[in-house]
Amino acid sequence: MILELIQIAALLLALSLLQGLCIRFLAPRPRVAEIASGVVFGAVCLVGMMIPITLAPGVIVDGRSVLLSMAGLFGGPLAGLIAGAIAGAYRISLGGDGMLVGTVLIAVAVALGLAYRAAWTRGRLSRQPLPLFVFGALLHALSILMIGLVPSQSVASVYAALGLPYLLIMGAATALLGALLHDLDTRLRNERALRQREAHLRAIAGAVPDILFVLDENGRYLEAMTHDESLLYRETGQFLGRHLHEVLPAPVAAELLGAIRDAIRSSTPMAVEYALDTPKGHCIFEGRIQAIEGEDVPRTVVLIVQDVTHRATLEQERRIAAIAFESQQGMMVTDADARILRVNKAFTEITGYPAGEVIGRPASILHSDRHNPAFYHDLWAEVEHKDLWEGEIWKRRRNGEVYPERLSISAVRDERGVVTHYVGCFTDITRAKESEAEIHALAFYDHLTALANRRLLTDRLHQALAHADRDGWRGALIFIDLDDFKNINDVLGHQAGDELLTLAAARLRAAVRETDTVARFGGDEFVVLIEQLPADEIAAAAAAEHLAETLRAKMGEPYPIGNQRYVCTASIGIAMFRDHAQTVEALMRSADLSMYESKRQGKNQVRFFDPVMQSTVSERLQLEADLRAALSLDQFELHYQAQCDGEGRLTGVEALASWRHPGRGLVPRDLFIPAAERCGCMPALGRILLEKACIQLAQWAGDARFGALRLSLNVSATQIYAPNFVADARALLERTGCPPDRLVFELTESMLITDMEHAIETMHALRALGIRFSIDDFGTGYSSLAYLQRLPLDELKIDRSFVRDLPANPNSLAIIRTIVALAHALGLRVIAEGVENAAQFEILLRNGCTGFQGFLFHHPATIEAFEARPPDRA
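Bear in mind that the values here come from a model prediction, so they are computed numbers and not experimental data.

Engineer: Explanation requested: a nonpolar patch on the surface in the structure shown.
Structural biologist: There is a patch of nonpolar side chains on the surface, built from Leu130, Val134 and Leu138 and spanning about 310 Å² of accessible area. For Leu130, the location among the structural elements is in helix H5 (residues 129–147). By relative accessible area, Leu130 is classed as exposed at 61%.

Engineer: Would you mind showing me how to read the sheet that holds strand S18 (residues 570–577) here?
Structural biologist: Consider a sheet: its strands pair through backbone hydrogen bonds, and that pairing is either parallel or antiparallel. The strand order across the open sheet formed by five strands is S14-S15-S13-S18-S19, and the pairing between neighbours is mixed. Lying at the two open borders of the sheet, with one neighbouring strand each, are strand S14 (517–522) and strand S19 (606–608). Taking the axes of each pair of neighbouring strands and ignoring which way they run, one obtains an average angle of 25° across the sheet. With five bridges connecting them, S14 and strand S15 (residues 525–533) associate as antiparallel partners. Each residue of the ladder has a partner; that of Gly522, found in S15, is Glu525. On the sheet, helix H17 (residues 494–511) packs against strand S13 (474–482), S14 and S15 and is oriented at approximately 5° with respect to S15. Across the sheet, helix H19 (residues 584–600) is in contact with S13, S14, S15, S18 and S19; its angle to S18 comes to roughly 145°.

Engineer: Got a minute to help me understand unusual backbone geometry in this structure?
Structural biologist: If a residue is not glycine, its phi is most likely negative; likewise, a peptide bond is most likely trans. The omega angle of the peptide bond from Leu806 to Pro807 is 0°, so this bond is cis rather than trans. With a phi close to 65°, Asp387 is a non-glycine residue in the positive phi region. Along the chain, Asp387 turns up in the loop between helix H13 (373–386) and strand S10 (388–396). In this structure, Asp484 is a non-glycine residue whose phi angle is positive, near 55°. Residue placement: Asp484 occurs in the loop between S13 and helix H16 (485–492). We classify Asp484 as partly exposed; its relative accessible area is 41%.

Engineer: I'm lost on the sheet that holds S10 in this one. Help?
Structural biologist: The five strands are arranged S9-S8-S12-S11-S10 in an open sheet whose pairing can be described as antiparallel. Whereas interior strands pair on both sides, the edge strands pair on one side only; in this sheet they are strand S9 (340–343) and S10. Within the sheet, the average angular offset between the axes of one strand and its neighbour, ignoring direction, is 25°. Pairing of strand S8 (residues 330–335) with strand S12 (residues 419–428), which is carried by six bridges, proceeds in the antiparallel orientation. Bridging across to S12, Gly330 finds its partner in Phe426. Where H13 meets the sheet, its contacts fall on S10, strand S11 (402–413) and S12, and the angle it forms with S10 comes to roughly 150°.

Engineer: How should the packing of helix H4 (residues 99–121) against H5 be read in this particular structure?
Structural biologist: Two measures define how a pair of helices packs: the angle their axes make with one another and the distance between the axes. Closest axis-to-axis distance for the H4/H5 pair is 11 Å, and the angle between their directions is 155°. Considered as vectors, H4 and H5 are oriented roughly antiparallel to each other. Both H4 and H5 take part in a crossing whose hand is right-handed. Contact residues: Val101, Val104, Leu105, Val108, Ala109, Leu112, Gly113 and Tyr116 in H4; Pro131, Leu132, Phe135, Leu139, Leu142, Ser143, Met146 and Ile147 in H5.

Engineer: Explain the side chain of Asp645 to me, please; I cannot follow it from the model alone.
Structural biologist: Checked against the element boundaries, Asp645 lands in the loop between strand S20 (636–644) and strand S21 (650–661). Judged by its relative accessible area of 14%, Asp645 is buried. Within the structure, the side chain of Asp645 is placed 2.8 Å from the backbone nitrogen of Arg649, a separation counted as a polar contact. For Asp645, the residues in contact, after removing those within four places along its chain, are Thr651, Thr850 and Phe852.

Engineer: I would appreciate a short explanation of the environment of Val527 in the present structure.
Structural biologist: Tracing the chain through its elements places Val527 in strand S15. It is 5.6 Å that separates the C-alpha atoms of Val527 and Ile478, two residues lying 49 residues apart in sequence. For Val527, the contacting residues outside a window of four places in its chain are Leu457, Leu477, Ile478, Phe479, Thr517, Val518, Ala519 and Phe521.

Engineer: Explanation requested: the environment of Glu734 in the structure shown.
Structural biologist: Inspection of the secondary structure puts Glu734 in helix H24 (residues 725–736). For Glu734, a relative accessible area of 63% gives the class exposed. Along the backbone, Glu734 and Cys694 are 40 residues apart, and their C-alpha atoms lie at a distance of 10.0 Å.

Engineer: Where do I start with the side chain of Lys599 in this structure?
Structural biologist: Here Lys599 lies in helix H19. For Lys599, a relative accessible area of 19% corresponds to the buried category. One polar contact links Lys599 to Asp481, side chain to side chain, over a distance of 2.7 Å.

Engineer: How should I be thinking about the packing of aromatic side chains in this particular structure?
Structural biologist: The relative placement of two aromatic rings is captured by the distance of their centres and the angle of their planes. Within this structure, the stated rule accounts for 21 aromatic pairs. An angle of 80° between the planes, with centres 5.3 Å apart, marks the rings of Phe375 and Tyr376 as edge-to-face. In this structure Phe375 comes out as partly exposed when scored by relative accessible area, which is 23%. Between the aromatic rings of Phe725 and Phe745, the centroid separation amounts to 6.0 Å while the plane-to-plane angle is 35°, which identifies the pairing as tilted. Of the two residues, Phe725 sits in helix H24 while Phe745 sits in strand S24 (residues 743–748), which places them 20 residues apart along the sequence. The exposure class of Phe725 is buried, given its relative accessible area of 7%. Phe745 sits in the buried class, given a relative accessible area of 0%. Cation over ring: Arg370 sits above Trp394, and NZ or CZ is 4.2 Å from the ring centre.

Engineer: Sorry if this is basic, but what is going on with the pairing of strand S6 (residues 281–291) here?
Structural biologist: The two faces of the sheet receive side chains in turn, since in a regular strand these alternate between them. With nine bridges connecting them, strand S5 (residues 270–278) and S6 associate as antiparallel partners. Bridge pairing in S6 places Glu273 opposite Glu286. Hairpin connection of S5 to S6: two residues between the antiparallel strands.

Engineer: Just checking my understanding: could you explain the nonpolar core for this structure?
Structural biologist: Soluble globular proteins tend to pack their nonpolar side chains together in the buried interior. By size, the foremost hydrophobic cluster in this structure holds 82 residues, and its most contacted members are Leu711 and Leu752. A total of eight residues in this core trace back to one element, the largest contributor, which is helix H22 (residues 682–700). When near neighbours in sequence (up to four residues on either side) are disregarded, Leu711 contacts Tyr640, Val653, Ala655, Ala693, Leu697, Trp700, Arg742, Leu743 and Val744. Judged by nonpolar contacts, the second largest core, of 35 residues, contains Leu451, Ala540, Cys568 and Met576.

Engineer: What's the story with the pairing of S13 in this structure? I'm lost.
Structural biologist: Along S13, nine of the nine residues are buried, which leaves the element largely enclosed by surrounding structure. Burial along S13 is two-sided: the residues Arg474, Ala476, Ile478, Ile480 and Leu482 and Gly475, Leu477, Phe479 and Asp481 are all buried. Summarising the sheet, S13 and S15 pair through seven bridges and their orientation is antiparallel. In the strand pairing of S15, Ile478 is matched with Val528. Note that S13 and S18 share eight bridges and pair antiparallel. Its bridge partner being in S18, Ile478 is matched across the sheet by Ile574.

Cut-offs applied
Residues numbered from 1 in each chain as written. Predicted model: local features only at pLDDT ≥ 70, side-chain atom pairs only at ≥ 80, totals over all residues. Heavy atoms only, no water. Patch = residues over 30% accessible without salt bridge, like charges linked within 9 Å, V, L, I, M, F, W, Y side chains within 5 Å. Areas by Shrake-Rupley, 256 points an atom, 1.4 Å probe, with all protein chains shown as cover. Salt bridge = Lys/Arg side-chain N within 4 Å of Asp/Glu carboxyl O. Helix = DSSP H or I, 4+ residues; strand = E, 2+ residues; numbered from the N terminus. Buried < 20%, exposed > 50% of the residue type's maximum accessible area, 1.4 Å probe, protein only. Pairing = 2+ DSSP bridges. Axes fitted to C-alpha atoms, helices over the stretch in contact; angles between N-to-C directions. Contact = heavy atoms within 4.5 Å. Parallel < 35°, antiparallel > 145°, perpendicular 65-115°, else oblique. Left-handed = near helix turned anticlockwise from the far one by under 90°. Polar contact = N/O pair within 3.5 Å; in protein donor to acceptor, adjacent residues only side chain to side chain. Phe/Tyr/Trp six-rings, centres within 6.5 Å; stacked < 30°, edge-to-face > 60°. Lys NZ or Arg CZ within 6 Å of the ring centre and 35° of its normal. Core = buried A, V, L, I, M, F, W, Y, C linked by side-chain atoms within 4.5 Å.

If you want it as structure tokens, here you go:
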């Protein structure tokens, strides 16, 4: 029996070999391997059952329990079930008394093997030899007990037949088979884990964008892995097994080999950087070398190489940019909100701001007041559209000084196109601007007087002619030559002459407007270009001559030179222009000729190029001079024209200004009134006439014939808007004793429009004194119900232009009816001016007019003539 048991043990060893081969070859297909394992266990079990120990017919003992329990323990449920099914089927086919017990024993062996597997999985049992031996002995002791249940057997007889050797051999067989299978399973698990780890490492190495080499200490390539073959100096098959010096350039190979040996000797990682020309182009690599611990001879290392070309390029560009950033130009980097992030040294030198004072602050701290918000809006709009703005701009330094700079602003965008930063680069161009201004001054200005030179004058004259032609205004060219300047220059010297010229230039510049041009034409000659004179020819000429006379007077004043004062008069010629009818050359020639005419007639005079204009302007200026003299000589008087009702009864009188000149006679009002307004005499004339009217009303106050009359007097715009007019009127009324309720100020609609609020305020203040108001020439100006309701009026006067066309013009009649209705609605008196015939009077009367003034009733007359008429009739 011992021999049979040994045969069974040998069979178990054969099983372990078959099981190992099965699992190894079918490892990639675990489910198939599990089925094959069950078949192997079942087949070996069949072989074992074919060489059994026969206890009695139909009662056999074999190694099936060992095999089937190990099938459950090491093969798993599927392998155990397959092996059990094969063994069970065979046992059933054998039949006999022990068939049932033998089949149950097969199932029990598989079940106990699976139970052991479950306990091992949970860590409650190990698969070491001793536990397996105990398990095998117990399993076969159970087998003895179960065989003893066979009807022809007993436990004692079975134990007597098998005995202790059976339990020991089967326990040992179980332990041996378990140990073999456990070792086989452990090795397979280790191999699988090793393959999995190697696969993981290869996956990691393949995913890392680096190149991995394994080399020995002699520089021989053992292995290489890369995701990009174009980074290799040569294809993988061309260098594996070869040495560094056979593959790489000698300097690179020597550097790498030295680093490999240093890494092995020091057992610390070594870094190396080198450049190679690869199929991808010139690349820069950074390598890290780590020695592999082990007993291999020769020793090996891992070389991980990274392509750092881009990083190296960026670093190089960064160094270049850092050098460029610290250039002579000011540099400023801001965020997307234009807050300063970084500045360079030149920024501080130009602006005066240290970096710590501006970082984090808005770039607008550098703004000057030279540009309006629209300028900056357009600037940033261009940056947004073009990512760039370049131009000249005025900025402010830390000390408040405003300076010019050449600035470029660039926008920096990310990969989504969103602006992340702005970079400003600027240069202080103060010196360039100063040089430019100096060059401009040398080219266009006289170096002695700082006046425009002939070149600039010519350019501006061209522009003035074009503007005058386009806009319709007139201009004048005034040519000025200093009389006898050569004598001063010869006697006192050139330095004194230059000083006199400088003083003369200053006087000319101070006497004209900023928009006018004063030029030194050469030597002692000056030219003044006057633009935007009135379109009326005579008015323009008068304005030009008035300015020329002012210049002549200024130039004739003594010049302080040294300790002396010298007189140097000027001869002045004027040429008028309006458009391109005259060329620049012809206009200058005309002004020059008129100046020489002034010298020919005795010097220190003003002459026009056109004799007719000279005569007209001279007459006009003489009239203004006579007007000023008349004010001081009391040559003005009042003439009176009656105002009547519908019955012809005298209700009031209008006082009209009259000038009785000793040589001219009675000067027409439409001639001297415009002249007084033009030369600024109107305020003085108005005061004189108002005083005369107040005196006359005061005299009439005690006269029964005229005491009830209203006296109307025209008041000019200069009077009504004068700041002290109300106070002066109050003082005049008190001084003369004039009854204010009999005094009527006649105002025109047009003068009220200038400053309506001021006019209303003044009128109410005068009304508080008792003075009445009338709107003269009503209907010809800016008639408005809005202001009529606000003005303290007593009377409307219908303009003579509407009366003149009556009764033939129905439009005039319609306007008159409207004015009359409006006056009645507002409770105002209404007077029609210019009534000259009965037909006009009758139609006005029929249409509701109640007051009349005109030649039909009374011509303007002196006070004596007026008072001589009957008082109750005009």
